[in-house]
Every structure is written in C-alpha cells, then in structure tokens.
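# Examining the three-dimensional arrangement
One letter stands for each residue in the lines below.
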Amino acid sequence: MCKYYVAALLLMGSMPTMAQSDDFGLWSEVNLEKKLSKKWSLDAGVEYRNRDNMKTADRWSFGVDANYKLTNWLKLSAGYSLLNDHYYKLNDSGKKYADYWGLRHRFNVSATASQSFGNLTLSLRERWQYTYTPETTVQRYYTANGTEADEHTYSGKGKNVWRNRLQAKYKLGNLFRPYANVETYLSNGWDKIRYAVGTELRLNKQHSFDIKYMYQHPFGQDDTDGNRHILGLGYTYKF
C-alpha cells in the first residue's frame, strides 16, 4: 500500500509553474482544539482568505467540528461552517456589475484512515460536504450589458461535494512535521484539484504553527476563478 500512496503524491511533480494569468492569495486561520476524552475531541476556528494577488478580501469563516477516534487507525468527524464570501461579477467588457458579500452554510462528515511506518504517516480522508447558499438580494446591481437597475435577487441553492485527500507526513525531530497532500473535489463531475506542501511547527503540546503552499486547479464550469496559488498560515492552540 505504501508504494501506491507515494506514487499518487508524486503526481504533484506535474504541477504547472505560475502563469501570468494565475491568481495568488493568502489563507490564514486560528484554531482551538479541546480533547474531551481518549476518543472525543472538539475543534473550532476562524479563517480569512484573500485573492487578486492579495488585493481583495475573499472570505471570512467560522467552523466547529466534533471528532471521534473509532480505532487506532480510523477517525470520524462531523462539522459546520458559516462562510461569509465576497462575490463580484464582470460583464464581457470587464465592467463590474455586481459586488456583494453573501453567507453560506456548510455541513461535512468525514472518515480518516491512517497508518504509520516509523516516522512516516500516510492517511486518506474521505469527506462529504453540503453547502447551502440562501437567497440573496443585491442592491446597486448592474446587468451584464451595463444597464443600471435597483436590485437583483439570486435564488437559494445547495451543492453536494465529495472530497478525497491523500497525505504523507513525516516526523522530523520534535519540532517539524513536513507533509504533502493532494485533494480532489467531485460534484457533477470533477470540480477541482488542490495540491499542498508544507510543515507543522510544534513548539510544545499547546502551541503549533502551520505554513504551506497550495496550488488549486478548477475543472468545473461554475468555477471561473482560474488557477490559484495560495500561501497558507495557521496557528493552533490545544487545551
């Protein structure tokens, strides 16, 4: 099994270099983890994202997850996130005709299997997520052809996504935990794929940091953002 995991992760070697049309953003997060017992734990966190080469705010979010360690190699989890996303739309001539913030509700259920080989840990996470976007009425809306209107209403909608993440992590002394992973998103076909390389820095049992680089490539027609390069920064406090 080890060789199949490693071979899949080596696919990241085919990641394209940054093109002029690609976007760059920063994703930062702060998390709290509470161990309730040997099997149960709770996580909560806030996240901020930007885009357009870090010039435009993209998302604020808050999430909470409950985790249950079923066996030594299998963990189950379920969670909820409140997303506040920034949307803007452009017409064919490049004129902005809608610019607004909108809330979304996201629910997820996951199962993560892991196996250690000395200092190397391989894991596979399967996650189902459902995101609901409520109906939103936007003020100062401009139609795609440039005609000004008072407002426009976007209908509410839901979306199911199946996510598959394969990861390898290595324990390098007491401080560093370098890792690499690849994650696919499937809805009515392939939505996108995301690659990541980074490291955890575990200062002690309570404080840890995470720094990573991610590359995201969309396939779905609904995702018009294009390729995205992302710098991720995180802090976790355990108590």
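Note that the coordinates shown come from a computational prediction; the quantities given were computed from them, not determined experimentally.

## A word on the overall build of the chain
The helix and strand tally for the chain stands at 1 helix and 13 strands. In sequence order, the secondary structure elements of the chain are arranged as α-β-β-β-β-β-β-β-β-β-β-β-β-β. Classification of the 239 residues of the chain by burial places 37% in the buried group. The long-range share in the chain, meaning contacts at least 24 apart out of those at least 6 apart in sequence, stands at 48%. Carbon and sulfur atoms make up 57% of the accessible area of the chain, which amounts to about 14400 Å² in all.

## Concerning the confidence of the model for the chain
Here the chain averages 88 in pLDDT, and 81% of its residues register 70 or above. In the model, residues 3–20 has pLDDT below 50 throughout and makes 27 contacts with residues more than four positions away in sequence or in other chains.

## Thoughts on the environment of Asp52
In this fold, Asp52 is placed in the loop between strand S2 (40–51) and strand S3 (56–69). For the pair Asp52 and Leu26, spaced 26 residues apart in sequence, the C-alpha to C-alpha distance is 10.0 Å. Setting aside its immediate chain neighbours within four residues, Asp52 contacts Asp23, Phe24 and Tyr88. Within the structure, Asp52 has its side chain in polar contact with the side chain of Thr56 (distance 2.8 Å).

## Regarding the pairing of strand S11 (residues 190–202)
Two elements, strand S10 (residues 176–186) and S11, share 11 bridges in a ladder whose sense is antiparallel. Each bridged residue has a counterpart across the sheet, and for Val182 the counterpart in S11 is Tyr195. Hairpin remark: S10 followed by S11, antiparallel, with 3 residues in the connecting loop; positive phi at Gly189, about 125°. When S11 meets strand S12 (residues 207–218), the two strands line up antiparallel, connected through 11 bridges. Counted as the bridge partner of Ile193 is His217 from S12. The turn linking S11 back onto S12 is made up of 4 residues.

## Digging into the packing of aromatic side chains
All chains considered together, the criterion is met by 9 aromatic pairs. Ring centres 6.3 Å apart and planes at 70° place the aromatic pair Trp190 and Phe219 in the edge-to-face group. You can see Trp190 sitting in strand S11 and its partner Phe219 sitting in the loop between S12 and strand S13 (228–238), a full 29 residues away along the chain. Exposure remark for Phe219: the relative accessible area of 44% places this residue in the partly exposed category. The ring of Tyr185 carries the charged tip of Lys192 above its face, separated from the ring centre by 4.8 Å.

## Quick notes on the side chain of Glu47
As for its placement among the helices and strands, Glu47 is situated in strand S2. A polar contact of 3.2 Å, which involves the side chain of Glu47, links it to the side chain of Arg49.

## A look at the pattern of salt bridges
Enumeration according to the criterion identifies 12 salt bridges in this entry. Between Lys238 and Glu33 there is a salt bridge, with its nearest N and O atoms 3.9 Å apart. In this pair, Lys238 sits in strand S13 while Glu33 sits in strand S1 (residues 23–35), placing the two residues 205 residues apart along the sequence. Residue Asp58 is joined to Arg51 by a salt bridge in which the shortest nitrogen-to-oxygen separation is 2.4 Å. Both residues of the pair, Asp58 and Arg51, count as buried. Several salt bridges converge on common partners, so that one network encompasses Arg51, Asp52, Asp58 and Arg228.

## Observations concerning the pairing of strand S9 (residues 157–170)
In this sheet, S9 lies alongside strand S6 (residues 120–133) in antiparallel orientation, the contact comprising 14 bridges. From the neighbouring strand, Tyr130 faces S9, where its bridge partner is Asn160. In this structure, S9 lies alongside S10, joined through 8 bridges in antiparallel fashion. Note on S10: the bridge partner recorded for Arg165 is Glu183. In this antiparallel pair of consecutive strands, S9 and S10, the connection spans 5 residues, and Gly173 shows a positive phi of 75°.

What counts as what
Residues numbered from 1 in each chain as written. Predicted model: local features only at pLDDT ≥ 70, side-chain atom pairs only at ≥ 80, totals over all residues. Heavy atoms only, no water. Helix = DSSP H or I, 4+ residues; strand = E, 2+ residues; numbered from the N terminus. Buried < 20%, exposed > 50% of the residue type's maximum accessible area, 1.4 Å probe, protein only. Contact = heavy atoms within 4.5 Å. Areas by Shrake-Rupley, 256 points an atom, 1.4 Å probe, with all protein chains shown as cover. pLDDT = per-residue confidence, 0-100. Polar contact = N/O pair within 3.5 Å; in protein donor to acceptor, adjacent residues only side chain to side chain. Pairing = 2+ DSSP bridges. Phe/Tyr/Trp six-rings, centres within 6.5 Å; stacked < 30°, edge-to-face > 60°. Lys NZ or Arg CZ within 6 Å of the ring centre and 35° of its normal. Salt bridge = Lys/Arg side-chain N within 4 Å of Asp/Glu carboxyl O.

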